[in-house]
Amino acid sequence: MTRGDREKAGQATTATGLRDVTGPRPDRSKADALSALVAQVRRTLGVPLCKVLEIDHSGRWLHVAAGSGWLPEIVGSGRVPCQTTSQAGLTLALGTPVVCDDLGHAYNLCNATLLRRHGAVSGVTVPIGHPEHPCGVLSVHDVSYRVFTPHDVRFLLGVARALRPLLEREPPPPPAA
């Protein structure tokens, strides 16, 4: 998919599809809505990996609430530290998108075990929710070197805005004892 095609698809997805996915529907669970959304984002941007991370009650971990392209056991049980040594944690700390074209050379991101396990090379993470009270992170990653465009980042920020009410609709599950 060319950059122009991605931009057109992204605009169409943002304008119509996200309302369908994130809008209140009594017949759709939060998990189903998130799963549909990450699959749609993955297709739109042409990336093999997309996930929604939700902050747990302790505020120390982000758990994988939904994912497309990830190993099945990761979705629902995987977690990432809310520390600046992970791309998602850095995103929360900065309150802005974090674009990493080459994770192999991002030495400050030493907590990238989940990303390395899936062969991620390049990625973008954007915060979900208010910068002072985020509720999660939306991430996309490619297994090949890729330069994500400003349009890709704007598209993901739009998706994150649409996700906020969905994540705030019901609280995340309490940590396992």
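In this text, all values refer to a predicted model and were calculated from it rather than measured experimentally.

**Q** Explain helix 2 (residues 30-45) to me, and be specific about the residues and the numbers.
**A** For helix 2, which comprises 16 residues, the first-to-last C-alpha distance of 23 Å matches the rise-based estimate of 22 Å (1.5 Å per residue) to within 8%. Lys-30, Ala-33, Leu-34, Leu-37, Val-38, Gln-40, Val-41, Thr-44 and Leu-45 are the residues of helix 2 that are buried. Summarising the axial view, the buried residues of helix 2 lie within an arc of 160 degrees, below the 170-degree limit, and thus occupy one face. Following helix 2 by one or two positions, Gly-46 adopts a phi angle in the positive range, close to 70 degrees.

**Q** Tell me about helix 3 (residues 87-94), residues and numbers included.
**A** The α-helix advances 3.6 residues per turn, and as a result positions three or four apart in sequence lie on the same side. Most of helix 3 sits out of view: six of its eight residues are buried. Listed as buried for helix 3 are Gln-87, Ala-88, Gly-89, Leu-90, Thr-91 and Leu-92. Two residues or fewer past helix 3, Gly-95 is found with a positive phi of approximately 70 degrees.

**Q** With reference to specific residues and values, describe the packing of aromatic side chains.
**A** On inspection of all chains with the given rule, the structure shows zero aromatic pairs. In this structure, Arg-79 is placed above the aromatic ring of Trp-61, and the distance from its NZ or CZ to the ring centre is 3.7 Å.

**Q** Outline the pairing of strand 2 (residues 61-68), supporting the account with residue identities and numerical values.
**A** Most of strand 2 sits inside the fold, with six of its eight residues counted as buried. Summarising the sheet, strand 1 (residues 49-55) and strand 2 pair through six bridges and their orientation is antiparallel. Across the sheet, residue Glu-54 finds its bridge partner in strand 2, namely His-63. As consecutive antiparallel partners, strand 1 and strand 2 are separated by five residues, and within that stretch Gly-59 has a phi angle of approximately 80 degrees, a positive value.

**Q** Just give me the short version of the sheet that holds strand 5 (residues 122-130), but keep the residues and values in it.
**A** The six strands are arranged 3-2-1-6-5-4 in an open sheet whose pairing can be described as antiparallel. The open sheet terminates on both sides in strands that have one partner only, identified here as strand 3 (79-81) and strand 4 (98-100). Looking at each pair of strands side by side, their axes are set apart by 25 degrees on average, direction ignored. Packing of helix 3 onto the sheet brings it into contact with strand 1, strand 2, strand 3, strand 4, strand 5 and strand 6 (133-142), and relative to strand 5 it is tilted by some 40 degrees.

**Q** I'd like a description of the nonpolar core, backed by residues and values.
**A** Counting residues in each nonpolar core, the largest one holds 26 residues, and the members touching the most others are Val-41, Val-52, Leu-138, Val-140, Leu-156 and Leu-163. Among the secondary structure elements, those contributing two or more residues to this core are helix 2, strand 1, strand 2, strand 5, strand 6 and helix 5 (150-169). Residues contacting Leu-163, with those up to four places away along its chain left out, are Leu-34, Leu-37, Val-52, Ile-128 and Leu-138.

Procedures and definitions
Residues numbered from 1 in each chain as written. Predicted model: local features only at pLDDT ≥ 70, side-chain atom pairs only at ≥ 80, totals over all residues. Heavy atoms only, no water. Helix = DSSP H or I, 4+ residues; strand = E, 2+ residues; numbered from the N terminus. Expected span 1.5 Å × (residues − 1). Buried < 20%, exposed > 50% of the residue type's maximum accessible area, 1.4 Å probe, protein only. Arc of directions from axis to C-beta. Phe/Tyr/Trp six-rings, centres within 6.5 Å; stacked < 30°, edge-to-face > 60°. Lys NZ or Arg CZ within 6 Å of the ring centre and 35° of its normal. Pairing = 2+ DSSP bridges. Axes fitted to C-alpha atoms, helices over the stretch in contact; angles between N-to-C directions. Contact = heavy atoms within 4.5 Å. Core = buried A, V, L, I, M, F, W, Y, C linked by side-chain atoms within 4.5 Å.

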